[in-house]
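Summary of the model geometry
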Amino acid sequence: MQRTFFKQGAEAKLERCTFYGKPCLVKERFRKQYRHAVLDKSLTTQRIKSEVRAMLRCRTNGIKTPTIFMVDMETNSIYMEYVEPSITVREFIADVQQNQAGDCPLLALAEQIGQIIGKAHQSNIIHGDLTTSNMLLAQKFQGDAQSTEKFTPADILQKNIQDLEVVLIDFGLTALEGTPEDKGVDLYVLERALLSTHPNTDHVFEAILMSYKKNNPRGAAEVVKKLDEVRLRGRKRTMVG
Amino acid sequence: MAEKKFHHALYPDTTIILALFRDVENAKEVRQAVMSGKFDASLLKASMIVDEFLVTVAANKAVHSQRCGKMITKTVHSEILYNLSAGRKITEAFKKIGISDTDTSVLVAIAGEEEKVLQSLQALKSVIKGRQVSLDELSSLADLSAVRKEYKLTDVELSSCSPVGAIASRIAAKDIITV
Ligand SMILES: Nc1ncnc2c1ncn2[C@@H]1O[C@H](COP(=O)(O)OP(=O)(O)OP(=O)(O)O)[C@@H](O)[C@H]1O
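On record in UniProt, under Subcellular location (unreviewed entry), the comment for chain B is "Nucleus". Entered under Sequence similarities (unreviewed entry) in the UniProt record, the comment concerning chain B runs "Belongs to the CGI121/TPRKB family."

Where an unreviewed UniProt entry is consulted, chain A appears under the name non-specific serine/threonine protein kinase, with the organism given as Littorina saxatilis. UniProt's Subunit (unreviewed entry) comment on chain A is quoted here verbatim: "Component of the EKC/KEOPS complex composed of at least GON7, TP53RK, TPRKB, OSGEP and LAGE3; the whole complex dimerizes." What the UniProt record of chain A gives under Sequence similarities (unreviewed entry) is the line "Belongs to the protein kinase superfamily. BUD32 family."

See below:
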């Protein structure tokens, strides 16, 4: 199997290949040299298991994540579907802002993001690293009517947001049960990531929260209360220096 | 040559062959031939397999488990069958995914060293009384409601992904997810 280098992350090396004809991404976690070998192996195994479990639990709750093709504990690798064509939400927002395409696409996107995180939290999945790079935008799944039309990532930018779907990736820091506090922190991480990566997106985060509340009706109030507390702590910390 | 041949993703010296037969008249005899060791193969109920990709995922995993000494079952061919089933009971796996004496559509998977695999395929072809067809016919043979029941696929899950994606993920993660 021919593998080509794709990306180097903080925790893992990403490579591209084809897996029995399907576009595939291999995520291989590497050893942490500063950790004792046996401990490192057992922590890595646990991480991979959590990651895979979260991806499957997302799917069964209607949140799109890449299909898993193989888990290889010998090399600490997950082989998964390479979602293509796709662009990151980060690229999408940057493009909308650069072309001054107005707020409509951003608010429609926020609606989808809030929906996904709301559903995830309702199913007790904490993503742990919600950034706009860890969400992909791909063609919406249409069942049997799936069109076979080939398009490029650039074409995605021309599509109506209603025809696109957010795919959640990188569950490397996930946790599979969480207190309202953990969920509040999950949202806070996203807020910080969004505002620091994309200027003038406060209203986008507000729209995400609105949609989140709709989609996690039982838990949202308490989570948002925690979010406010975490925000306050965050602010104090920056004031102190 | 309606069968398909793949090299294992990690072990290129291992070959995986898939072949589909319809109008099979002697499923019982074929099954007995495998059980008596005439040739090695997984005999799969075609109606339970929505896509050939799922068999490659299961066979890929079975061969890898074999190489790592981590098989749950005794042979790579029963391991393929086990991997394809949703549960953890081997006898249940054979009942649900393996062919029964009355089945007329049989999907065959054979994995191993190329020469041996081809020999097994020849031996199978000499025993089976049926018509070999293209693997493309698989989707038309699927019993979707039985498949949905076996893998507990819900409308919610199928709203965002195909049965193939849902089932492939379950096979790949079988030893990790707790059901
Ligand atoms: N399944 C996939 N399909 C398509 N692209 C992907 C997929 N997974 C990851 N990518 C791309 O690779 C990038 C990095 O992936 P990911 O975040 O999973 O790796 P990582 O090693 O955890 O990275 P980091 O340490 O930077 O967070 C993503 O932002 C995305 O652009």
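Things to note about helix α2 (residues 89-98) of chain A
An α-helical turn contains 3.6 residues, so any two residues separated by three or four positions project in the same direction. Residue and element names in this part refer to chain A. Residues of α2 that are buried: Val89, Phe92, Ile93 and Val96. Within α2, the buried residues cover an arc of 95 degrees as seen down the axis, which keeps them to one side. Taken from the residues just after α2, Gln100 is the one with a positive phi, measuring 45 degrees.

With respect to the site of the ligand
Residues and elements named next belong to chain A. In the region of the ligand, 19 residues are neighbours, and Glu81, Val83, Ser133, Asn134 and Asp170 sit closest. Ala10 is positioned such that a nitrogen or oxygen atom in its backbone is 3.1 Å from an oxygen atom of the ligand. Glu81 is positioned such that a nitrogen or oxygen atom in its backbone is 3.0 Å from a nitrogen atom of the ligand. In this structure the site holding the ligand corresponds to the second largest pocket. Summarising the domain contributions, the shell around the ligand has at least three residues from each of domain 1 (4-81) and domain 2 (86-240).

Quick word on empty space enclosed by the protein
All names here are of chain A. Evaluation of the coordinates by the stated rule reveals 1 cavity of 30 Å³ or more. A volume near 30 Å³ is recorded for the largest cavity. If you go around the largest cavity, the residues you meet are Val89, Ile93, Leu106, Leu109, Ala110, Ile113, Thr132, Leu194, Val204 and Ile208. Put simply, the parts of the chain that give the lining of the largest cavity at least two residues each are α2, α3 (104-122) and α6 (202-215). Of the residues in the lining of the largest cavity, the class split is 9 nonpolar, 1 polar and no charged.

A few points about the domain arrangement of chain A
Residue and element names in this part refer to chain A. Along its sequence, chain A is carved into domain 1 (4-81) and domain 2 (86-240). If you average the C-alpha positions of domain 1 and of domain 2, the two centres end up 22 Å apart. Listed by partner, the interface residues are 16 residues for domain 1 and 17 residues for domain 2. Summed over the three residues of domain 1 that lose the most area to domain 2, namely Arg57, Ile63 and Lys64, the buried surface amounts to 40% of that side. The tally of links from domain 1 across to domain 2 stands at 1 salt bridge. When the shortest N-O distance is used, the salt bridge between Lys27 and Asp170 registers 2.9 Å. Along the contact surface separating domain 1 from domain 2 lie 8 residue pairs in polar contact (both at pLDDT 80 or more). Residue assignment for the side of domain 1 that touches domain 2 shows that the elements contributing at least two residues are β3 (22-29) and α1 (37-60). The biggest single contributor to the side of domain 1 that touches domain 2 is α1, with 8 residues.

Some thoughts on the sheet that holds strand β5 (residues 77-81) of chain A
Residue and element names in this part refer to chain A. Taken in spatial order, the 5 strands line up as β1-β2-β3-β5-β4 in an open sheet, and their pairing is antiparallel. With partners counted over all chains shown, the strands left at the sheet margins are β1 (4-8) and β4 (68-72), one partner each. Within this sheet the neighbouring strands show an average axis-to-axis angle of 20 degrees, counted without direction.

Some words on the nonpolar core
Generally speaking, soluble globular proteins have nonpolar side chains that are buried together. One finds Val52, Leu109, Ile113 and Leu137 of chain A to be the most contacted residues of the largest nonpolar core, which totals 58 residues. In terms of residue count, α3 of chain A provides more of this core than any other element does, 8 residues in total. Domain assignment of the residues forming this core places at least three in each of domain 1 (4-81) and domain 2 (86-240) of chain A. Excluding residues within four positions of it along the chain, Val52 of chain A makes contact with Ile68, Val71 and Ile78 of chain A together with Ala173 and Ile176 of chain B. Counting residues in each nonpolar core, the second largest holds 50 residues, with Val26 of chain A together with Leu44, Ile97 and Ala168 of chain B among its members.

Observations concerning the confidence of the model for chain B
Note: predicted coordinates in regions of low pLDDT should not be interpreted at a detailed level. When the pLDDT values of chain B are averaged, the result is 96; 98% of them are 70 or greater. Reported for the predicted complex are a pTM of 0.95 and an ipTM of 0.96.

What counts as what
Just so you know, the residues in each chain are numbered from 1, in the order the chain's sequence is written. Following the order in which they are written, the chains are lettered starting with A and the ligands numbered starting with 1. Under the rules for a predicted model, residues below a pLDDT of 70 receive no local features and side-chain atom pairs below 80 are neither given nor counted, while totals for whole chains, interfaces and linings still include all residues. The basis for every side-chain value is the complete set of heavy atoms in the structure, and neither hydrogens nor water enter the calculation. UniProt positions are given in the numbering used here, feature names are shortened, and annotations may be inferred rather than shown by experiment. Relative accessibility decides the category of a residue: with a 1.4 Å probe and only protein chains considered, values under 20% of the type maximum give buried, values over 50% give exposed, and everything between is partly exposed. Secondary structure elements are taken from DSSP: a helix is a run of H or I of four residues or more, a strand is a run of E of two residues or more, and numbering for both begins at the N terminus. It is the directions from the helix axis to the C-beta atoms that the arc portrays. For this description, a residue counts as near a given molecule or strand if any of its non-hydrogen atoms is within 4 Å of it. For the purposes of these results, a polar contact is taken to be a pair of N or O atoms within 3.5 Å, where, inside protein, one atom must be able to donate a hydrogen and its partner to accept one; residues adjacent in sequence count only when each atom of the pair is a side-chain atom. Residues are called lining when one of their atoms sits within 4 Å of a cavity or pocket point, these points coming from a 1 Å grid over the protein atoms alone, where a cavity is a set in which a 1.4 Å probe fits but cannot get out and a pocket is an open set with protein on both sides within 12 Å along at least five of seven lines. Occupancy of a cavity or pocket is assigned to a molecule whenever over half of its atoms lie within 2 Å of that pocket's grid points. Segmentation into domains, and thus their bounds, comes from an automatic or database assignment. Grid points are joined across faces, edges and corners, and a volume is the space filled by probe spheres set on the points. Under the convention adopted here, Pro, Cys and the residues Ala, Val, Leu, Ile, Met, Phe, Trp and Tyr are nonpolar, Asp, Glu, Lys and Arg are charged, and Gly plus all remaining residues are polar. In this analysis, two residues are considered to be in contact whenever any of their non-hydrogen atoms come within 4.5 Å of each other. By buried area we mean the combined loss of accessible area, with a 1.4 Å probe, across both parts when two parts are placed together. Each salt bridge in this description consists of a side-chain nitrogen of Lys or Arg and a carboxyl oxygen of Asp or Glu lying within 4 Å of one another. Here, strands pair whenever DSSP counts at least two bridges between them. Inter-axis angles, ranging from 0 to 180 degrees, are taken between N-to-C directions of lines fitted to C-alpha atoms, where helices are fitted over the stretch in contact. Note on terminology: a nonpolar core comprises buried Ala, Val, Leu, Ile, Met, Phe, Trp, Tyr and Cys residues joined through side-chain atoms within 4.5 Å. Confidence of the prediction at every residue is given by pLDDT, a number between 0 and 100.

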